[in-house]
Every structure is written in C-alpha cells, then in structure tokens.
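# Working through the structure, step by step
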Amino acid sequence: MPEVITQDGQIKADQWTLVERPAEGETIELPTGPAIIPADIWYANKNQFAGRDDVGVWLESHDEPGILADSVNDLPIIAVNFPKFTDGRGYSSARLLRERYGYKNELRAIGDVLLDQLQFMKRCGFDSYALRADKDIQLAAHCLNFFSQAYQAATDTNEPLFRRRVS
Amino acid sequence: MYVYDEHDRQILAERVAQFRHQTDRALAGDLAEDEFLPLRLQNGLYVQRLAPMLRICVPYGMLRSDQLRRLAKVSRDYDKGYAHFTTRQNVQLNWPALEDVPDILAELAEVEMHANQTSGNCIRNTTTDQFAGAQSDELVDPRPYCEIIRQWSTYHPEFAFLPRKFKVAVNASELTDRAAVQVHDIGIEIVHNDAGELGFRVHVGGGLGRTPMVGPVIREFLPELDLLTYLEAVLRVYNRYGRRDNKYKARIKILVKALTPEGFAEKVEEEWSHIKDSPTRLTPDAIARVQSYFTEPDYAALSNDPETLVAARSEHKAFDKWVTRNTDAHKKPGYAIVTLTMKKTGVPPGDVSDLQLEHIANVADRYSFGEARVTHQQNVVLADVRQDELYELWQAIKPMGFATANLNTLTDIICCPGGDYCALANAKSIPIAESIQRKFDNLDYVYDLGDIDLNISGCMNACGHHHVGHIGVLGVDKKGEEFYQVSLGGSSQRDASIGKILGPSFASEHMPNVIEKIINVFVENRTDEEAFLDTYRRIGITPFKERVYA
C-alpha cells in the first residue's frame with residue numbers, strides 16, 4: 001500500500017488511486033476503490049460525481065482552481081500536481097482553494113514532491129503530501145517543521161509576525 | 001538601523017540549521033544536484049568558474065561596524081581575505097568551500113546577517129537610496145518600508161519558486177532616484193496624494209537583462225497600509241501567469257508587456273480586491289514599530305562650512321577636490337554625506353580586502369555613528385560625517401585607497417566580476433574597466449567632463465547595469481573571442497532610459513580609444529551647462545557613430 005504524509009508528519013496508508021487523463025477521444029475508466037480524477041472531467045460530469053466520497057479531483061499546475069469554486073466542498077479530496085518541484089504555481093492554487101473558495105477537506109500535493117518544499121506546502125494549506133518515491137519518508141516530519149514561526153500570514157495563520165509583535 | 005528581536009533571531013537560527021541539514025544531505029548524495037541547486041541559490045550560493053561564490057545579503061545596503069568586522073573575519077577565515085561589493089548592495093565571497101558555508105552562515109547570524117534569497121527564482125534583497133535618512137529631499141525615510149518588505153518576503157511560502165528572480169526597489173526622493181526603481185521588477189516611489197496622505201506609486205515590469213525595459217506605472221497611488229497586500233497580489237498574478245517555458249521570457253516584464261500594463265494592472269486589481277483586507281494588511285502600529293529603529297542618530301548642533309573645513313580646503317587642493325566630488329549635502333547643518341570610492345585604478349571595482357573592511361568599520365565608528373552603506377555603484381557611504389572632521393577622515397581613508405575623488409565620473413565605473421570569476425559571463429569586464437581608467441588618468445580632465453555613468457557587464461544578465469549607463473559596455477562572445485558592444489544614452493535616474501546600441505562590437509584592445517572618441521564628440525558639442533547625457537539627448541547617436549566608425 002502506498003503511503004502519504006500528513007501535515008503533522010505522520011505516515012499513513014493511502015487509499016486513493018490517481019487516474020491519469022484519458023487519451024483524446026477515450027472515456028475515463030474508474031478503478032475499484034477511491035479515485036482522484038482530472039478536475040475538468042469531474043466538473044463536466046458533476047451530476048454523476050458530486051457528493052461521492054470516493055471520487056476526488058486533481059489539478060494540473062496551470063489549471064484554474066476557480067473552475068471548482070462553487071463545488072469545492074462537494075469533494076472529499078483535491079490534489080494539486082507539481083510537474084516539477086521548481087514549478088511554484090501549485091502554492092498559489094492551494095491558497096486560493098483554501099482562502100478564496102473555502103475548501104475544507106483534504107488538499108494533497110502530488111507529483112514532484114520533495115522534502116525541502118514540504119514546509120511551504122504546509123503553510124499554503126496542503127495537509128497531505130505524496131512524497132516522491134525515492135525520498136526518505138522518515139525525514140518528512142523533520143522537514144515539515146524546520147521553522148517554529150513565520151513572518152507572513154498564509155493559510156496556516158492569520159497572525160503575521162508584525163501583528164503578533166504589537167498585540 | 002533595524003535590530004533583531006527574539007523572533008528574527010529564532011527564525012534565522014532555524015534557517016541556518018535547515019541549510020546545514022540540506023548541505024549535509026547534498027554532500028552525502030541524498031539530494032541530487034538539480035534538487036540542491038535552488039536550495040543553495042536561495043541561500044546565495046553559486047558554483048562558479050573557479051569555486052563556489054557566496055552572496056551575502058546586506059538589506060537595503062545598511063551595515064553596522066560589527067557586521068563589517070565579521071565580514072572581514074569570515075573573508076579571512078574562509079576565503080582569500082577579500083570580498084566584493086555587488087551592484088545590488090550585497091557582498092560576495094569568491095572562494096568559500098561548500099562544506100564551510102553552514103559555518104559561515106552561523107558566524108554571520110551572530111551579527112544578524114545572512115545570505116537569504118540573494119539568488120534563485122524568489123524575491124531578492126530590497127534595495128533603496130544609499131543616502132536614505134540623511135538627504136534633505138526625501139518625503140520620509142524609505143528604509144522602514146524596505147525592512148517591512150524584507151520581513152514579508154523572507155521565506156514567503158507561496159513565492160519561493162517563481163518563474164524567475166524578482167527584485168524590488170524603493171525610492172523616497174522627488175528629485176533623484178539613486179535606487180533605479182524604474183528598472184526593477186517592482187519599483188516603488190513613496191509619494192503624497194493630493195490629500196497629503198502618504199502612499200506609493202507602483203511601477204511593475206522594469207528590468208535589465210536580455211529585454212531591458214523601463215517599468216510602467218501600474219498604480220498611481222497605493223495607500224500606505226496596503227503595501228504588502230498589493231505586493232502579494234502582484235506576485236500572485238506573476239507566479240500564476242508568468243511564463244515558465246522559456247527562461248529568457250520568464251521575468252515579469254514579459255508578462256506585463258504581453259498583457260499590456262493596463263491589462264496587467266486590471267488582473268492585479270482583481271486579485272487585490274479579494275485580499276486587500278486580509279491579515280497581511282499593515283497596521284499603523286506595525287509601521288511605527290519598524291520606523292522606531294530608524295530614528296536620527298545623536299546629531300550635534302553645528303553649522304555648515306566650519307572654519308576648519310574652509311581652511312583645509314584652501315590649503316589642500318586634493319582635499320578640496322575630494323570634498324567637491326565625493327561628499328554630498330546632508331539634511332543637518334554641519335554634516336556631510338561621504339562616499340568612499342572603491343574604484344582605484346588597478347583594483348577590480350567593488351573589491352575590498354579584509355583589512356580594508358576593518359578600516360571601513362573603524363572610520364564608521366569614529367566618524368559616522370558606526371554605520372556604513374553599500375551603493376549599487378559598488379562604493380561605500382558614510383552618511384553622517386561632521387564637516388569639521390572631513391579633513392581628518394580624508395587623511396584616514398587615503399592610505400586605504402578609498403579617497404579617489406572620482407565619484408560619478410567617467411572612471412567611477414560600475415563593473416560586474418565578469419569572465420575572470422563568473423561562470424555566466426561571455427567576456428571579461430574588469431580589464432576593460434582598468435584599461436579605460438588608465439586612459440583617463442588625468443583627474444582634472446575627468447572632472448571637466450562632469451557626471452558620466454560608465455557601466456560594464458560581462459554578459460546579457462546585465463549585473464553591471466550596462467543598459468542604463470550613459471555609456472554602456474556589454475561583453476559578447478563571437479566565435480570564442482571576446483568583443484564589446486557599446487551603447488549610449490541610458491539612465492537609471494528619474495528620467496530612466498535604455499541605452500541605444502552604437503553599432504558593431506569592438507575587440508578589447510580598441511575599447512579605450514572607442515571611449516575616447518565618444519568623449520571627444522561630447523566635448524566638442526557640449527554647451528556650458530550640459531552633462532554628457534544632455535548632449536547625447538540633444539545631438540543624438542549619429543555624430544558618435546560617425547566618429548567611432550570613421
């Protein structure tokens with residue numbers, strides 16, 4: 001069973017199967033068990049999928065999270081893909097999902113997810129991380145918690161340091 | 001000057017520990033080179049032509065004497081005993097060993113210094129006017145706003161992997177622009193609106209490099225408390241929509257151009273409308289707290305042109321020239337702003353030895369309240385010197401080579417490290433600077449020429465700011481040989497402009513003569529009150545072209 005990391009650094013078994021985008025002209029085939037499918041396909045078939053707790057979506061780094069704006073909390077899980085760890089668009093997508101669209105359920109980082117980026121992902125609202133398979137999952141908890149506080153407000157805190165200092 | 005509290009100290013200590021962990025994993029082979037690359041870059045560490053290069057951050061150019069002494073110690077203990085002032089107010093070490101870098105950072109952290117975000121595709125050091133707080137024509141001191149931006153941008157979780165590097169500069173003077181804000185990704189001018197309220201005029205999308213541009217204004221007036229939320233909106237639009245498919249088209253200027261400044265501004269306003277009242281909105285208390293660190297030093301009540309100064313000037317011609325050239329008016333009577341020039345012929349522009357760093361620390365302590373500033377022209381400023389102590393200071397800095405009275409002249413050259421050190425360079429730049437300095441070794445002639453910015457870059461990345469030099473020189477590689485392209489008419493001041501290329505490039509040995517011909521055209525055509533740039537703008541590029549390529 002594959003594993004994911006939770007935001008408090010725990011390692012847990014992963015139930016979800018990631019479903020790639022079907023080739024042009026082909027229809028999507030759901031596996032048995034819970035599945036994460038491309039967001040636009042979910043949205044196009046919303047009547048069929050909304051409210052199902054075994055079907056979530058994933059966004060590509062260039063996808064507009066706004067396409068899910070009116071239905072985020074109909075989803076049990078949203079994953080955001082990092083095609084390469086240097087592609088930082090997913091951080092903005094995560095904050096928008098959490099802070100603008102009010103998404104409450106699991107938000108997962110997938111793709112080129114490495115150890116040294118976990119701290120940023122956590123602050124932007126990701127609460128689970130599918131670490132790239134060759135990375136040492138035992139180091140995740142340490143890397144999530146390099147910092148005990150931060151200067152800025154982000155998804156994880158409404159209290160930037162400048163507000164804490166003068167309060 | 002800003003002083004760390006327990007929060008700043010804790011965050012920095014954790015950062016040092018984090019980088020040590022990352023370096024250990026890289027050295028053990030657990031972190032692939034391409035994975036370590038952005039981590040070390042965001043910590044200022046390049047792997048260069050001859051050795052790693054560590055770029056140490058000097059927030060908005062301000063240094064205390066204890067920090068200068070620590071830089072001297074670090075350059076002595078871990079390097080070859082010298083350091084280099086950069087064109088973005090930072091300091092570089094050219095030869096540290098990778099495995100020593102965590103220890104260097106730990107030593108720097110003890111004096112509240114670091115190498116955060118001095119490289120990489122993130123928000124870089126925020127820069128400002130080197131005369132901030134000491135000059136008379138600024139609306140307010142810009143440094144508290146720079147410090148506020150520094151804290152906001154430090155390890156910002158959303159903007160650590162931008163499409164490309166991102167540079168912010170702040171200027172608070174209505175008459176001058178020593179921070180060159182219009183050639184930054186974001187240029188912030190501190191202004192008053194018609195109601196007399198303080199705020200910011202925001203330029204976005206200026207920059208040098210491969211596609212030089214003067215940044216358009218995307219907001220005429222941003223209220224003071226909205227600074228960070230608006231910056232966050234600009235950065236979010238850039239992070240989401242800036243190009244990532246081509247590194248040469250990834251700077252924000254390309255996005256602003258593609259969307260048009262109006263289109264870009266609209267997108268930013270839309271984003272900002274959602275977050276303008278978020279917890280990131282500044283509070284008056286938060287601004288006041290940072291401002292409280294930038295209070296005036298304990299100035300004495302003095303008057304201008306004291307007798308001792310007048311006497312020394314009439315007695316010592318060289319001193320008199322130095323006062324004329326290398327000091328500027330101060331807002332307080334009886335004080336002067338002094339620039340120590342790091343441009344002695346034969347020394348690479350901006351290079352200083354460990355002993356020179358300690359000497360600067362000593363004169364800063366003795367003559368300028370223990371503080372110094374690095375300028376983007378690669379010089380060092382003592383901002384608060386008593387006029388009746390100028391002669392003593394001049395005598396103290398002369399033996400160290402900092403009293404070359406050529407500030408803002410043809411031989412006060414901005415120059416990147418170039419092909420002698422930098423792995424990116426196409427050509428050497430330091431020997432070109434030196435050959436031009438040698439050609440123009442008559443100081444009286446150089447004074448007569450007036451203010452001329454001569455800027456040299458060894459490649460397109462434009463660290464030597466060649467596009468905005470009145471005379472710009474760019475090193476290019478032609479079939480493995482080094483050539484130099486000349487441009488004229490650039491400016492980084494309030495009248496910012498990008499220089500125009502004169503024509504085909506030149507071999508290095510011809511460069512001093514080319515510059516001489518350009519200068520001769522200026523001298524023959526200028527009117528009494530004109531500086532180089534005025535003459536160029538009046539007569540255009542053709543007379544220069546005809547002479548140089550005759």
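Calculation notes
- Residues numbered from 1 in each chain as written.
- Chains lettered and ligands numbered in written order.
- Predicted model: local features only at pLDDT ≥ 70, side-chain atom pairs only at ≥ 80, totals over all residues.
- Helix = DSSP H or I, 4+ residues; strand = E, 2+ residues; numbered from the N terminus.
- Rg over C-alpha atoms; globule rule 2.2 N^0.38 Å.
- Buried ≥ 20, exposed ≤ 12 C-beta atoms within 10 Å, placed from the backbone.
- Contact = placed C-beta atoms within 7 Å.
- Nonpolar A, V, L, I, M, F, W, Y, C, P; charged D, E, K, R; others polar.
- Pairing = 2+ DSSP bridges.
- Axes fitted to C-alpha atoms, helices over the stretch in contact; angles between N-to-C directions.
- Parallel < 35°, antiparallel > 145°, perpendicular 65-115°, else oblique.
- Left-handed = near helix turned anticlockwise from the far one by under 90°.
- Domains from an automatic or database assignment.
- pLDDT = per-residue confidence, 0-100.
- Core = buried A, V, L, I, M, F, W, Y, C linked by C-beta atoms within 7 Å.

Attention now moves to the overall build of chain A. Within chain A one finds 6 helices and 8 strands. Computed over its C-alpha atoms, the radius of gyration of chain A comes to 16 Å, within 12% of the 15 Å expected for a compact globule of 167 residues. Taking the principal axes of the C-alpha coordinates as reference, chain A spans close to 55 × 35 × 25 Å. Relative to its full complement of 167 residues, chain A shows a buried share of 41%. Excluding contacts between residues fewer than 6 apart, the proportion of contacts in chain A whose partners are at least 24 apart in sequence is 49%.

This part is about the overall build of chain B. Scanning chain B from N- to C-terminus turns up 18 helices and 21 strands. Taken over C-alpha atoms, the radius of gyration comes to 23 Å for chain B, in line with the 24 Å a tight globule of 550 residues would show. Buried positions account for 56% of the 550 residues belonging to chain B. If you take every contact in chain B between residues at least 6 apart in sequence, the share linking residues at least 24 apart comes to 67%.

Taken together, the contact pairs 32 residues of chain B with 30 residues of chain A. Element by element, the count of residues in the side of chain B that touches chain A is highest for helix H1 (residues 6–27) of chain B, at 6 residues. Per-class residue counts for the side of chain B that touches chain A are 12 nonpolar, 12 polar and 8 charged.

All right, on to the environment of glutamate 224 of chain B then. All names here are of chain B. Inspection of the secondary structure assignment puts glutamate 224 in the loop between strand E10 (217–223) and helix H6 (227–241). Residue glutamate 224 is classed as partly exposed on the basis of its C-beta count, with 15 C-beta atoms lying within 10 Å. Sequence-wise, glutamate 224 and threonine 283 are 59 residues apart; in three dimensions their C-alpha atoms are separated by 9.3 Å. Those residues within four positions of glutamate 224 in sequence are excluded, and the remaining contacts are Leu198 and Gly199.

Our focus in this paragraph is the environment of valine 111 of chain B. Residues and elements named next belong to chain B. Assignment of secondary structure puts valine 111 in the loop between helix H4 (101–109) and strand E6 (127–128). In sequence terms valine 111 and arginine 70 are 41 residues apart; their C-alpha atoms lie 7.4 Å from each other. If we skip the residues at most four places from it in the chain, valine 111 touches Asp66, Gln67 and Arg70.

With that settled, consider helix H11 (residues 317–326) of chain B. For H11 of chain B, the full list of buried residues reads Phe319, Trp322, Val323, Arg325 and Asn326 of chain B. Considering only its buried residues, H11 of chain B is in contact with helix H10 (307–315), strand E11 (327–329), strand E12 (335–340) and helix H13 (390–397) of chain B.

Turning our eyes to something else, we now look at the sheet that holds E10 of chain B. All names here are of chain B. One open sheet holds the 5 strands; their spatial order is E6-E7-E8-E9-E10, and the pairing between them is mixed. Both edges of this open sheet fall to E6 and E10, since each of them pairs with a single strand only. Pairing analysis gives 4 bridges linking strand E9 (residues 198–204) to E10, with the strands arranged antiparallel. The partner of valine 202 across the bridge, within E10, is arginine 219.

Residues and elements named next belong to chain B. A sheet is described by the order of its strands in space; here 5 strands give the open sequence E1-E2-E5-E4-E13, paired in antiparallel fashion. The open sheet has two edge strands with one neighbour each: strand E1 (45–47) and strand E13 (351–353). Averaged over all adjacent pairs, the angle separating strand axes in this sheet is 30°, with direction ignored. Sheet topology places strand E2 (residues 52–56) next to strand E5 (residues 91–93); 3 bridges connect them, and they run antiparallel. Its bridge partner lying in E5, isoleucine 56 is registered against valine 91. Lying on the sheet, helix H12 (residues 354–367) is in contact with strand E4 (82–85) and E13; it crosses E13 at an angle near 85°.

Here we come to the packing of helix H14 (residues 430–439) of chain B against helix H16 (residues 511–525) of chain B. All names here are of chain B. One way to put it is that H14 packs onto H16 with a least axis distance of 9 Å and a crossing angle of 55°. Put simply, H14 runs oblique to H16. In the packing of H14 onto H16, the handedness of the crossing is right-handed. The segment H14 lies against H16, with Ile432, Ser435, Ile436 and Lys439 engaging Met511, Pro512, Ile515 and Glu516. Residues of the contact of H14 with H16, tallied by class, amount to 5 nonpolar, 1 polar and 2 charged.

Another point: unusual backbone geometry. Residues and elements named next belong to chain B. Positioned with a positive phi, aspartate 305 is a non-glycine residue whose angle comes to about 50°. You can call aspartate 305 exposed: it has 12 C-beta atoms within 10 Å. Non-glycine residue lysine 479 carries a positive phi angle of around 50°. By the element assignment, lysine 479 lies in the loop between strand E18 (471–478) and strand E19 (481–488).

Turning to the pairing of E18 of chain B, a few remarks are in order. All names here are of chain B. As paired elements, strand E17 (residues 454–457) and E18 share 4 bridges and run parallel to each other. Of the residues in E18, the one forming a bridge with isoleucine 456 is valine 473. Pairing geometry for E18 and E19, over 8 bridges, is antiparallel. Bridge pairing in E19 places glycine 475 opposite tyrosine 484.

Looking now at the domain arrangement of chain B. Residues and elements named next belong to chain B. In terms of domains, chain B is made up of domain 1 (6–109), domain 2 (134–293), domain 3 (307–400) and domain 4 (414–548). Across the boundary between the two partners, domain 3 contributes 6 residues, which contact 8 residues of domain 4. Broken down by class, the residue content of the side of domain 3 that touches domain 4 amounts to 2 nonpolar, 4 polar and no charged.

A word on the confidence of the model for chain B. Where the model shows low pLDDT, its predicted coordinates should not be examined in detail. When pLDDT is averaged along chain B, the result is 95; 99% of the residues meet or exceed 70. This complex was scored by the predictor with a pTM of 0.95 and an ipTM of 0.97.

Before going further, it helps to spend a moment on the nonpolar core. In terms of nonpolar packing, the biggest core is built from 205 residues, with Ile78 and Tyr129 of chain A together with Val234 of chain B touching the most fellow members. With 9 residues, H6 of chain B is the single largest residue contributor to this core. The residues touching isoleucine 78 of chain A, leaving out its near neighbours within four places in the chain, are Gly56, Val57, Leu59, Leu97, Tyr103 and Leu107 of chain A.

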